[in-house]
Amino acid sequence: MDSAIQLVEESTARIGRMLDFSLRVSEEATKHATFNMDVLMRCGTIMTEGWQAILHEWINTTRETAQKNMSDLQELMNCRSVDALLSCQSSILRNRIETLHDSNVRISEVSTQVASDTAKRISELTSSIGNGLSVMDEAGRNLRKAGEEMARIDQSAD
């Protein structure tokens, strides 16, 4: 009779430890899931910031072009001869090609910098997810061991 009571007490203690362990694993899984969602939100923010920087450069280029167009129109209106008009048009065309080239270079530089920064920041964030996954794998292995122990206890009780 004493051995049956002892077996029940041992089983109860082991079940209690297993439930406690299961609760800790669940808490850990919830913590990691929350962390992963936070990482995903940060990645979205990083991408948004990158697009904002690129669009800001496009807007600046458009604004500069509009301002130059207004000043060029004023110059064309001040031309008093055909030679002055052709010279002014030639100058405007040359300036537009240079402006287009310069703005494309700036946008390309900003895009490259944004892509590099974004890739670096996302890489840093996702490496922390990998570390969390190894902890989750270990917790899963420990939970399987606890289940095997419970099965062994059940078999010995029979």
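Here's what I pulled together on the structure shown here. (Residues numbered from 1 in each chain as written. Predicted model: local features only at pLDDT ≥ 70, side-chain atom pairs only at ≥ 80, totals over all residues. Heavy atoms only, no water.)

1. A short note on the overall build of the protein
Phase 1: Check the secondary structure of the protein and you find two helices and zero strands.
Phase 2: By the burial criterion, 18% of the 158 residues in the protein qualify as buried.
Phase 3: The long-range fraction of contacts in the protein, counting pairs at least 24 apart against all pairs at least 6 apart in sequence, stands at 88%. (Helix = DSSP H or I, 4+ residues; strand = E, 2+ residues; numbered from the N terminus. Buried < 20%, exposed > 50% of the residue type's maximum accessible area, 1.4 Å probe, protein only. Contact = heavy atoms within 4.5 Å.)

2. Some words on the pattern of salt bridges
Phase 1: Summed over the entire model, instances satisfying the criterion amount to four salt bridges.
Phase 2: Between Arg-106 and Glu-64 there is a salt bridge, and its shortest N-O distance comes to 3.4 Å. Separated by 42 residues along the polypeptide, Arg-106 in helix α2 (residues 82–157) and Glu-64 in helix α1 (residues 2–78) bring together distant segments of the chain.
Phase 3: Note on Arg-106: relative accessible area 28%, which makes it partly exposed.
Phase 4: Glu-64 gets classed as partly exposed once you look at its relative accessible area, which sits at 30%.
Phase 5: Arg-96 is the partner of Asp-72 in a salt bridge, and the nearest nitrogen-oxygen pair spans 2.3 Å. Separated by 24 residues along the polypeptide, Asp-72 in helix α1 and Arg-96 in helix α2 bring together distant segments of the chain.
Phase 6: Bridged by salt links that share partners, the residues Glu-57, Glu-64 and Arg-106 form one connected network. (Salt bridge = Lys/Arg side-chain N within 4 Å of Asp/Glu carboxyl O.)

3. Description of the side chain of Thr-118
Phase 1: Structurally, Thr-118 is set in helix α2.
Phase 2: Here the side chain of Thr-118 touches Val-114 through a polar contact of 2.7 Å, landing on its backbone oxygen. (Polar contact = N/O pair within 3.5 Å; in protein donor to acceptor, adjacent residues only side chain to side chain.)

4. Here we look at the side chain of Thr-99
Phase 1: Note on placement: Thr-99 falls in helix α2.
Phase 2: Judged by relative accessible area, Thr-99 falls into the buried class, the value being 12%.
Phase 3: Discounting residues that sit within four places of it in the chain, Thr-99 has contacts with Thr-65 and Lys-68.

5. Concerning the environment of Leu-100
Phase 1: Position of Leu-100 among the secondary structure elements: in helix α2.
Phase 2: By relative accessible area, Leu-100 is classed as exposed at 52%.
Phase 3: Sequence separation between Leu-100 and Thr-65 is 35 residues, and the spatial gap between their C-alpha atoms is 8.9 Å.

6. Section: the state of the cysteines
Phase 1: The final tally for this structure, using the stated rule, is zero disulfides.
Phase 2: This cysteine, Cys-79, is not joined by any disulfide, and Cys-88 carries the nearest cysteine sulfur, 4.2 Å off.
Phase 3: Look at Cys-79 and you get buried, because its relative accessible area is 19%. (Disulfide = S-S within 2.5 Å.)

7. Some points on a nonpolar patch on the surface
Phase 1: A surface patch of nonpolar side chains, amounting to about 560 Å² of accessible area, comprises Met-47, Trp-51, Leu-55, Trp-58 and Ile-59.
Phase 2: Position of Trp-58 relative to the elements: it lies in helix α1.
Phase 3: Here Trp-58 falls in the partly exposed class, since its relative accessible area comes to 44%. (Patch = residues over 30% accessible without salt bridge, like charges linked within 9 Å, V, L, I, M, F, W, Y side chains within 5 Å. Areas by Shrake-Rupley, 256 points an atom, 1.4 Å probe, with all protein chains shown as cover.)

Shape descriptors only; they carry no functional weight alone.
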